Amino acid sequence: MGALAGVTLEGLQDVTAENITVDAPKAGFVGGLVGTQNSMVTPATSNVTMRNITVTGKDYVGGLAHQIRQLQDTSIEDFSVTSEYYAGGLLSNLYTGDKTNITVKNGSVTATGTDIKATYVGGLASYDNGWGYAMKDIRVENVEVTGNNLVGGLLGRHGYIALDGIQVVNCKVSNPRTMPTAELAEPYYLSVGGIAGYHYGYNREIKNITVRGTEISGPCNVGGIVGMAYNTGTVTI
C-alpha cells in the first residue's frame, strides 16, 4: 500500500513528494509512495525527494516503500514511520540492488511490537537481505529510532550488504525494554547499535563508518557501531 501505488514494476525517477499521510494500521507492506517495487529495473529509482511524510502500518513499513530494489540520489526529511514490526525510515527491507547517495533526516521510526524475534527497526531500514550488493554514501541525521528488539541507527539487522561511507549523526537509538525475563532469555534479540543492532557478517566489508553525537541505549548488548556481532569481516572506521 502506498499513496502512489501498492506495487510497481517500474523505477521512479525525478519525484518530489510532500505532505503525505498514509494511515493503514492493519496493513502490511506499506510505504509513503509505493508498497513495493518488485523487480530489478533500468533505470533505477533515483532523484526522489520526500518531505513531511507520515506512514503508519502493521508490518513492513517504510517512509518511501516497503521495498525498492535499486535506489540512488534519494532523500526523506521531516517524517514519521510507525509499525508493529519491521520499520525503517526510508524502506522496510533492503532487498537486492545497490543503494547509493541517500539522506534520511529529521524524523522518527518506531516499532511498537513485542515479539522479540520480529521487531527490527532502523533509521534507514529494518534489515538487509540479498547477496552481493552495496550501500554507499548514506547519511542518517537527527532521527529517533525506537523498538523492542534489534534497533540500529542504520539497520536493525545487518549481514548481507557491504557498507561504505555511512554516517549516523545526532540520532537517538533506543530499546526501552528492561533486562530479559525468563521468556526473553535470548539477549541477542535485544541488541542496539549506532549502525546496526545485530551484525552477522558473512565477511561483508564495512568501511568509512561514522557515528557521531548519537545517544544509544538498551537493556543489553549496546554498542557504538553494532550491539552484537558474529562472523565479522573487515571493519574500517
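Calculation notes
- Residues numbered from 1 in each chain as written.
- Predicted model: local features only at pLDDT ≥ 70, side-chain atom pairs only at ≥ 80, totals over all residues.
- Heavy atoms only, no water.
- Helix = DSSP H or I, 4+ residues; strand = E, 2+ residues; numbered from the N terminus.
- Buried < 20%, exposed > 50% of the residue type's maximum accessible area, 1.4 Å probe, protein only.
- Contact = heavy atoms within 4.5 Å.
- Pairing = 2+ DSSP bridges.
- Phe/Tyr/Trp six-rings, centres within 6.5 Å; stacked < 30°, edge-to-face > 60°.

Another aspect to go through is the overall build of the protein chain. Tallying secondary structure elements over the protein chain gives zero helices and 23 strands in all. Put simply, the protein chain has 237 residues, and 55% of those count as buried. Here the analysis covers contacts within the protein chain between residues at least 6 apart in sequence; of these, 83% occur between residues at least 24 apart.

Turning our attention to the environment of Val-140. Inspection of the secondary structure assignment puts Val-140 in strand β12 (residues 134-146). Exposure remark for Val-140: the relative accessible area of 0% places this residue in the buried category. Separated by 37 residues in the primary sequence, Val-140 and Thr-103 place their C-alpha atoms 6.0 Å from one another. Those residues in contact with Val-140, other than ones at most four positions away along the chain, are Val-104, Gly-123, Leu-124, Gly-153, Leu-154, Gln-167, Val-168, Val-169 and Cys-171.

Mapped onto the fold, Val-30 is located in strand β2 (residues 13-31). Sequence separation of Val-30 and Ala-5 is 25 residues, and the distance between their C-alpha atoms is 9.9 Å. Those residues in contact with Val-30 that sit more than four places away from it in its chain are Met-1, Val-22, Val-55, Thr-56, Gly-57, Asp-59, Tyr-60, Val-61, Gly-62, Ala-65 and His-66.

Strands sit in the order β8-β11-β14-β18-β22 across an open sheet of five strands; the sheet is parallel. Lying at the two open borders of the sheet, with one neighbouring strand each, are β8 (93-94) and β22 (226-229). Across two bridges, strand β11 (residues 125-128) lies against strand β14 (residues 155-158) in parallel orientation. Residue pairing for β14: Tyr-127 is matched across the bridge by Arg-157.

Turning to unusual backbone geometry, a few remarks are in order. Apart from glycine, the bulk of residues carry a negative phi angle, and the bulk of peptide bonds sit in the trans form. Although it is not a glycine, Asp-14 adopts a positive phi angle of roughly 55 degrees. The residue Asp-14 is located in strand β2 in this model. The exposure class of Asp-14 is exposed, given its relative accessible area of 61%. The phi dihedral of Asn-52 is positive, around 55 degrees, even though this residue is not glycine. For Asn-52, the position within the fold is in strand β4 (residues 45-62). Judged by relative accessible area, Asn-52 falls into the partly exposed class, the value being 41%.

Attention now goes to the packing of aromatic side chains. Between two aromatic rings, the relevant description is the distance of the centres plus the angle of the planes. In total, this model carries seven aromatic pairs according to the counting rule given. Between the aromatic rings of Phe-29 and Tyr-60, the centroid separation amounts to 5.0 Å while the plane-to-plane angle is 10 degrees, which identifies the pairing as stacked. Taken together, the positions of Phe-29 in strand β2 and Tyr-60 in strand β4 put the pair 31 residues apart, joining distant regions of the chain. Judged by relative accessible area, which is 19%, Tyr-60 ranks as buried. When the ring of Tyr-160 is compared with that of Tyr-200, the centres are 5.6 Å apart and the planes differ by 90 degrees; the resulting orientation is edge-to-face. You can see Tyr-160 sitting in the loop between β14 and β15 (162-169) and its partner Tyr-200 sitting in the loop between β18 (196-199) and β19 (206-212), a full 40 residues away along the chain.

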